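For reference, the chains in residue letters:
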Number of protein chains: 2
Amino acid sequence: MAKTGPSRLERRVSVIKALAHPSRLAIAEALQNGEQCVCDLRDLVDSDLSTVSKHLAIMREAGLLDMEKRGLKVFYRLRCPCLLSFFECVDQLSAKSPSAPSSRDACRSR
Amino acid sequence: MAKTGPSRLERRVSVIKALAHPSRLAIAEALQNGEQCVCDLRDLVDSDLSTVSKHLAIMREAGLLDMEKRGLKVFYRLRCPCLLSFFECVDQLSAKSPSAPSSRDACRSR
DNA sequence: AGACTATTTGGCTATTTGGCCAAGTAAAGC
DNA sequence: GCTTTACTTGGCCAAATAGCCAAATAGTCT
């Protein structure tokens, strides 16, 4: 039963990669307020529809998004609201300038 | 005072990008157990020392790591322990197969 | 069926990223 | 001051990623 598949590390990386792009991150942020169709998201990130569609495919394959077709439109939504806490962590890390002198306590929890 | 600098989105992206690579993520995970020197981390990810050093620079510039030179060795440590909760979120997202039928409740908190 | 709208997919190039080697720097030991 | 150890930096090439256009698909409407 050689059901090896991607390791935990690889799965983690694919989720993180799916957020590691300005347009994709902006999409994830926007979807925190509820589902949106592809054309709305295209307006948000202002790039070609095909480009947006490919970004969404990456996020979907990483497990970030669910899609649902209703009529002509396809609606995407976050599969997990835990992104909120995820972003809080990211913001704490990005709050201070890189390795600045007094940055040792960028997060209070230490 | 045109002190624009990188936007919040760009800063978030740079933190996330710094984790979006198997070696870098493995390093971040390892550092959850405390600081390590570069040569230890090189053993961990098993690539050229120069490659590891560049990975560490990326993580440092993103604000993820602090470095400290003691004697000949350079020690790196996480600047923020909130990565734990970050990874919990990532794991919830990566736990289920992409958009599988019954995956709507990959996270209980909904 | 044909036209129209919304989205995805394929193909192509341009840019970015990753990794190795070689050279450079910095602290320690002799 | 020369050697060794521990790392960083620069250069170069290969591979991955991003974005655009054109073509394909799917659902609506007439």
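Computed from a prediction, not measured in an experiment: that's the story for all the values here.

Parameters and conventions
Residues numbered from 1 in each chain as written. Chains lettered and ligands numbered in written order. Predicted model: local features only at pLDDT ≥ 70, side-chain atom pairs only at ≥ 80, totals over all residues. Heavy atoms only, no water. Buried < 20%, exposed > 50% of the residue type's maximum accessible area, 1.4 Å probe, protein only. Helix = DSSP H or I, 4+ residues; strand = E, 2+ residues; numbered from the N terminus. Pairing = 2+ DSSP bridges. Expected span 1.5 Å × (residues − 1). Near = heavy atom within 4 Å. Polar contact = N/O pair within 3.5 Å; in protein donor to acceptor, adjacent residues only side chain to side chain. Contact = heavy atoms within 4.5 Å. Axes fitted to C-alpha atoms, helices over the stretch in contact; angles between N-to-C directions.

Trainee: Hey, could you go over the pairing of strand E3 (residues 73-78) of chain A for me, with residue numbers and the actual values?
Mentor: Regular strands place side chains that alternate from one sheet face to the opposite one. All names here are of chain A. The element E3 is extensively covered by neighbouring structure, given that five of its six residues are classed as buried. Inspection of the sheet shows strand E1 (residues 36-37) paired to E3 by two bridges, in the antiparallel sense. Directly across from Gln-36, in E3, lies its bridge partner Tyr-76. Where strand E2 (residues 65-70) lies against E3, six bridges are found, and the strand directions are antiparallel. Its bridge partner being in E3, Met-67 is matched across the sheet by Tyr-76. If you look at the hairpin formed by E2 and E3, you'll find two residues sitting between the two strands, and Gly-71 has a positive phi there, around 65 degrees.

Trainee: Give me the lowdown on the environment of Cys80(A), citing residues and values where you can.
Mentor: Turning to its location among the elements, Cys80(A) is positioned in the loop between E3 and helix H5 (83-95). C-alpha of Cys80(A) to C-alpha of Leu65(A): the two residues are 15 residues apart in sequence and 8.1 Å apart in space.

Trainee: Tell me about helix H1 (residues 8-19) of chain A, and please be specific about residues and values.
Mentor: Each α-helix winds once per 3.6 residues, and so residues spaced three or four apart point in a common direction. If you check H1(A), its first and last C-alpha atoms are 17 Å apart, about what twelve residues at 1.5 Å a residue would give, namely 16 Å. Buried within H1(A) are the following residues: Arg12(A), Val13(A), Val15(A), Ile16(A), Ala18(A) and Leu19(A).

Trainee: Mind laying out the protein's contact with DNA strand D, listing which residues take part and the relevant values?
Mentor: In the neighbourhood of DNA strand D, 24 residues make up the surrounding shell, with His55(A), Ser50(B), Ser53(B), Lys54(B) and Tyr76(B) lying closest. Atoms of DNA strand D within 4 Å of the protein: sugar and phosphate make up 58%, bases the balance. In the environment of DNA strand D, a base oxygen lies 2.6 Å from a nitrogen or oxygen atom belonging to the side chain of Lys54(B). Within the backbone of Val74(B), an N or O atom sits 3.1 Å from a phosphate oxygen of DNA strand D. Contributing elements (two or more residues each) for the surface near DNA strand D: helix H4 (49-61) of chain A together with helix H3 (38-45), helix H4 (49-61) and strand E3 (73-78) of chain B.

Trainee: Residues and numbers for the sheet that holds E3(B), please.
Mentor: Residues and elements named next belong to chain B. With respect to topology, three strands assemble into an open sheet ordered E1-E3-E2, the strand pairing being antiparallel. The outermost strands of the open sheet, each flanked by one partner alone, are strand E1 (36-37) and strand E2 (65-70). H4 contacts E2 and E3 of the sheet and is inclined by roughly 125 degrees relative to E2.

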